[in-house]
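In case you want the letters, here they are:
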Amino acid sequence: MESNGVSKPKIVSGGFGYVLEDVPHFTDYIPDLPTYSNPLQDNPAFSVVKQYFVHVDDSVPQKIVVHKDSPRGIHFRRAGPRQKVYFESDEVHACIVTCGGLCPGLNTVIREIVYSLYYMYGVKRVLGIDVTVLLFHQGGYRGFYARNTIALTPKVVNDIHKRGGTILGTSRGGHDTSKIVDSIQDRGINQVYIIGGDGTQKGASVIFEEIRRRGLKVVVAGIPKTIDNDIPVIDKSFGFDTAVEEAQRAINAAHVEAESIENGIGLVKLMGRYSGFIAMYATLASRDVDCCLIPESPFYLEGEGGLFEYIEKQLKENGHMVIVIAEGAGQELLSESMQSMNQQDASGNKLLQDVGLWISQNIKDYFSKQKKMTINLKYIDPTYMIRAVPSNASDNVYCTLLAQSVVHGAMAGYTGFTSGLVNGRQTYIPFYVSITYDSFHNTPKPCRYAEHALKVCVSFTQVKCECSITRGLLLDVGLQRITEKQNKVVITDRMWARLLSSTNQPSFISDKDVIEYKKEYISGGKKEEEPATQLLDDANCADVVLENKEVSCM
Ligand SMILES: Nc1ncnc2c1ncn2[C@@H]1O[C@H](COP(=O)(O)OP(=O)(O)OP(=O)(O)O)[C@@H](O)[C@H]1O
Ligand SMILES: O=P(O)(O)OC[C@H]1O[C@](O)(CO)[C@@H](O)[C@@H]1O
Ligand SMILES: [Mg+2]
């Protein structure tokens, strides 16, 4: 199972191109573990449910739109309770940690993990990794090094879902794998629930590898969190709906302001560092927005087809307009006109310059210099408001299902996985480690040539790469399902077309650019193949999955 101390993906192949990307299990590295009957079978709430336990062979397809001859493609293990569990109730010592930025629903997930452990599995020892009770606020991974934790009981977490934020606190940076695993071992923790975004899941994955290397019976399970909805594979991230709903209030205010004054422009900046999902969905939901600018769709200001021309036209025709801009949009324009900051946060994420202020100033300057018309621009920045609110009803239900699923998986002895919704079904998605084992150079360094082959043949543990660099040697490949790349709005997809047709804004791209974009993203040109946008009705169509045979990467 191991290559250079890193576990390989568990891939199970079946008929008609069926591939199961399975999750690790204790039995992969600890022999002769005892099993126990699942206590849920005596729980009156569940024992009446027909076929309550998930069949061992149940899996969920990643792509549900298929053609007559499509192979069955990639599948994930279906989440849910198993007949046999690998822990006795009083043996479990669980802990929960929240990392990265805030997101509506964090407290709901914490609450529901505690409730599921207590009331479904009779587990009484659950810790929150948190030292916010002390002077030094250090939640997140940093919290592992501090000696302070908080005991989480149903009473403690009873009404936390009504509050925004996370009762455990959070942090960026400061991930030290061996210190974290030492702390887990010292405290006798055997189930670690890690709630966080792409960075957090990468951190969880290396924690899992270290735990496995030490041969510990400790589950590491992730719950994906990101307000930007930039985690691939899963349908959408919890808190996203709440954020979009909250953004409506800012857009409404911008619309009211703009409408009430001559040549009024309401400009709203929303979160979305690299992915414009919040801006796109908030725009589609509102119908008052005349222009939506996102990181995935480059735009320009001056000249024919530019933003200024469109603003002028809108103001002449309607007397007002509303613009929504994602925080990561137009960053290349900003760095052209301002000194590039190149600063990073503690986790290494690039700190962005404020595009909202920048674009407001540019619009004002343009109209005052051109003396074309007097405009009235109101800039609204609800950035943190949309993520600091408690989760709405549908996100609360979603968080509950995620939490219950992750607890069922942990009790069943699965580990090294993230719990996620795929095509409306709860699943367990393996972390894997983002590594390509380059047997030519005999190093675990990622080999970009092999990664290229991986793009074509993602589901197999070995590919033979014919490129001149690796000279036909076999390469072991692994990929980090959840964090291998960021989920982004695909601007050649139907959803972005729907947005363009609802706002009537210019697409800012020429036909030539579209052809180039398609060449790069769609036809497997120099950039990787882009997945269809998640959250789409036409997403998740089947790709052709190649046979496990030689793949040319040139
Ligand atoms: N490659 C990595 N390996 C190990 N730990 C990491 C890695 N990337 C990030 N982390 C750790 O994960 C934690 C959270 O990362 P980050 O601040 O990027 O937030 P995130 O989980 O991506 O959430 P958000 O959605 O807010 O960006 C930090 O403590 C960081 O040190
Ligand atoms: O200011 P903070 O807390 O680092 O978080 C800001 C970032 O977090 C996110 O919400 C999620 O990554 C981004 O959209 C945003 O840029
Ligand atoms: Mg992140």
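Residues numbered from 1 in each chain as written. Chains lettered and ligands numbered in written order. Predicted model: local features only at pLDDT ≥ 70, side-chain atom pairs only at ≥ 80, totals over all residues. Heavy atoms only, no water.

### Concerning the overall build of the protein chain
Stated formally: Elements are defined by DSSP. Helices are runs of H or I of four residues or more, strands are runs of E of two residues or more, and each kind is numbered from the N terminus. A 1.4 Å probe rolled over the protein chains alone gives each residue an accessible area, and that area as a share of the maximum for its type sets the label: buried under 20%, exposed over 50%, partly exposed in between. Only heavy atoms enter the contact rule, under which two residues are in contact if any of them lie within 4.5 Å. Per-residue and other accessible areas were derived by the Shrake-Rupley procedure at a 1.4 Å probe size, with only the shown protein chains allowed to occlude residues.
Each helix and strand in the protein chain was counted, giving 15 helices and 22 strands. Counting all 554 residues of the protein chain, 55% fall into the buried class. Intrachain contacts of the protein chain at a sequence separation of at least 6 include 77% that bridge at least 24 residues. Element-wise, carbon and sulfur atoms account for 50% of the exposed surface of the protein chain, whose accessible area totals about 23,700 Å².

### Quick look at the site of ligand 1
Cut-off, in case you're wondering: The criterion for a residue being near a molecule or strand is simple. One of its heavy atoms has to lie within 4 Å of it. Lys, Arg, Asp and Glu make up the charged group, whereas Ala, Val, Leu, Ile, Met, Phe, Trp, Tyr, Cys and Pro make up the nonpolar group; the residues left over, Gly among them, are polar.
Around ligand 1 sit 19 residues in total, of which Gly101, Gly173, Asp198, Thr200 and Ser347 are the nearest. A total of 630 Å² of accessible area belongs to ligand 1 in isolation, and the protein chains cover 82% of it. Residue composition of the shell around ligand 1, grouped by class: one nonpolar, 13 polar and five charged.

### Comments concerning the pattern of salt bridges
Selection rule: Any carboxyl oxygen of Asp or Glu that lies within 4 Å of a side-chain nitrogen of Lys or Arg is treated as forming a salt bridge with it.
With the rule as written, the count across this model stands at 16 salt bridges. We note a salt bridge from Glu210 to Arg213, for which the minimum N-O separation is 2.8 Å. Of this pair, Glu210 and Arg213 are both found in helix 5 (residues 198-213), three residues apart, which corresponds to roughly one turn of the helix. The exposure class assigned to Glu210 is buried, which follows from its relative accessible area of 14%. The exposure class of Arg213 is exposed, given its relative accessible area of 56%. The salt bridge involving Lys269 is made with Asp381; its shortest N-O contact spans 3.5 Å. Linking Lys269 in strand 14 (residues 264-270) with Asp381 in the loop between strand 17 (376-380) and helix 11 (385-388), this pair joins segments that are 112 residues apart in sequence. Look at Lys269 and you get buried, because its relative accessible area is 9%. What makes Asp381 partly exposed here is its relative accessible area of 39%. Taken together, the shared-partner salt bridges connect Asp182, Glu210, Arg213 and Arg214 into one network.

### Comments concerning the nonpolar core
Note on soluble globular proteins: their nonpolar side chains tend to be buried together. The cut-off we apply is this: In plain words, nonpolar cores are sets of buried Ala, Val, Leu, Ile, Met, Phe, Trp, Tyr and Cys residues tied together by side-chain atoms within 4.5 Å.
One finds Ile96, Ile113, Tyr193 and Phe238 to be the most contacted residues of the largest nonpolar core, which totals 103 residues. With 10 residues, the top contributor of residues to this core is helix 2 (residues 106-121). Setting aside residues no more than four positions away along its own chain, Ile96 makes contact with Ile110, Ile113, Val114, Val126, Leu127, Gly128, Ile129, Leu152, Leu168, Tyr193 and Ile195.

### Here we look at the site of ligand 2
Rules: Two N or O atoms count as a polar contact when they lie within 3.5 Å, although within protein this holds only if one can serve as hydrogen donor and the other as acceptor, and sequence-adjacent residues are included solely when both atoms are side-chain atoms.
Inspection of the region around ligand 2 gives Arg172, Ile227, Asp228, Met271, Gly272, Arg273, Glu327, Tyr384 and Arg387 as its neighbouring residues. Contact between ligand 2 and Asp228: an oxygen atom at 2.9 Å from a side-chain N or O atom of the residue. Measuring from an oxygen atom of ligand 2, one finds a side-chain N or O atom of Glu327 at 2.7 Å. With the chains in place, 79% of the 400 Å² that ligand 2 exposes on its own is no longer accessible. A per-class count over the shell around ligand 2 returns three nonpolar, one polar and five charged.

### So, the UniProt feature "binding site: Mg(2+)" (unreviewed entry) in the protein chain
Test applied: UniProt positions are given in the numbering used here, feature names are shortened, and annotations may be inferred rather than shown by experiment.
Under the local residue numbering, the UniProt record ascribes the feature "binding site: Mg(2+)" (unreviewed entry) to Asp198. When you line up the elements, Asp198 lands in helix 5.

### Focus on the side chain of Ser237
The topology assignment puts Ser237 in the loop between strand 13 (219-224) and helix 6 (240-259). Residue classification places Ser237 among the buried positions, given a relative accessible area of 1%. In this structure the side chain of Ser237 is engaged in a polar contact, spanning 2.6 Å, whose partner is the backbone oxygen of Thr226. Residues contacting Ser237, with those up to four places away along its chain left out, are Thr226, Asn229 and Tyr398.

### Considerations on unusual backbone geometry
Phi is positive for Arg287, close to 65°, though the residue is something other than glycine. Secondary-structure assignment places Arg287 in the loop between helix 7 (277-286) and strand 15 (291-293). Relative accessible area serves as the criterion here: at 57%, Arg287 is assigned to the exposed category. For Asn423, which is not glycine, the phi torsion reads 50° and is therefore positive. Mapping Asn423 onto the fold places it in the loop between strand 18 (417-422) and strand 19 (425-430). Under the relative-accessibility criterion, Asn423 is labelled partly exposed at 21%.

### Quick word on the sheet that holds strand 16 (residues 320-326)
To summarise the sheet geometry, strands pair through backbone hydrogen bonds and adopt either a parallel or an antiparallel arrangement. Going by this rule: A pair of strands is labelled paired if DSSP reports no fewer than 2 bridges between them. Simply put, an axis is a line fit to the C-alpha atoms, just over the touching stretch for a helix, and the angle between two N-to-C directions goes from 0 to 180 degrees.
Pairing within the open sheet is parallel, and its four strands lie in the order 15-16-14-17. The strands lining the two open edges of the sheet, one partner per strand, are strand 15 and strand 17. Going across the sheet, the axis of each strand differs from the next one's by a mean of 15°, ignoring polarity. By the bridge criterion, five bridges tie strand 14 to strand 17 in an arrangement that is parallel. When the sheet's bridge partners are listed, Gly264 is paired in strand 17 with Asn376. In this fold helix 8 (residues 307-318) packs onto strand 14, strand 15 and strand 16, with an angle of close to 145° to the strand it touches most, strand 16.

### Topic: the pairing of strand 9 (residues 94-98)
A regular strand carries its side chains on alternate faces of the sheet. We count it as follows: Crossovers are marked right-handed if the path from the first strand over the helix to the second runs clockwise, as seen with the strands pointing away from the viewer.
For strand 9, the buried fraction is high: five of the five residues fall into the buried class. Here strand 9 shows no split at all, with Ala94, Ile96 and Thr98 on one side and Cys95 and Val97 on the other all buried. The parallel pair strand 9 and strand 10 (residues 126-129), bridged by helix 2, forms a crossover whose chirality is right-handed. Two elements, strand 9 and strand 12 (residues 191-196), share five bridges in a ladder whose sense is parallel. The residue bridging Thr98 from the neighbouring strand is Ile195, located in strand 12.

### Topic: the environment of Asp57
Mapping Asp57 onto the fold places it in the loop between helix 1 (44-47) and strand 6 (59-61). Owing to a relative accessible area of 58%, Asp57 belongs among the exposed residues under this scheme. Each C-alpha atom, one on Asp57 and one on Lys179, is 37 Å from the other, the two residues being 122 residues apart in sequence.

### Describing the packing of helix 2 against helix 12 (residues 393-411)
Our working rule: Every angle not falling under 35 degrees, over 145, or within 65 to 115 is termed oblique; those three ranges are roughly parallel, roughly antiparallel and roughly perpendicular. Handedness of a crossing follows from how the near helix is turned relative to the far one, being left-handed for an anticlockwise turn of less than a right angle and right-handed for a clockwise one.
The N-to-C vectors of helix 2 and helix 12 enclose an angle of 45°; their axes lie 8 Å apart at closest approach. In terms of their interaxial angle, helix 2 and helix 12 are classed as oblique. Like other packed secondary-structure pairs, helix 2 and helix 12 cross with a definite hand, here right-handed. Mapping the contact onto sequence places Thr108, Val109, Glu112, Ile113, Ser116, Leu117, Met120 and Tyr121 in helix 2 and Asn396, Cys399, Thr400, Ala403, Gln404, Val406, Val407, His408 and Met411 in helix 12. Of the residues in the contact of helix 2 with helix 12, the class split is 10 nonpolar, six polar and one charged.

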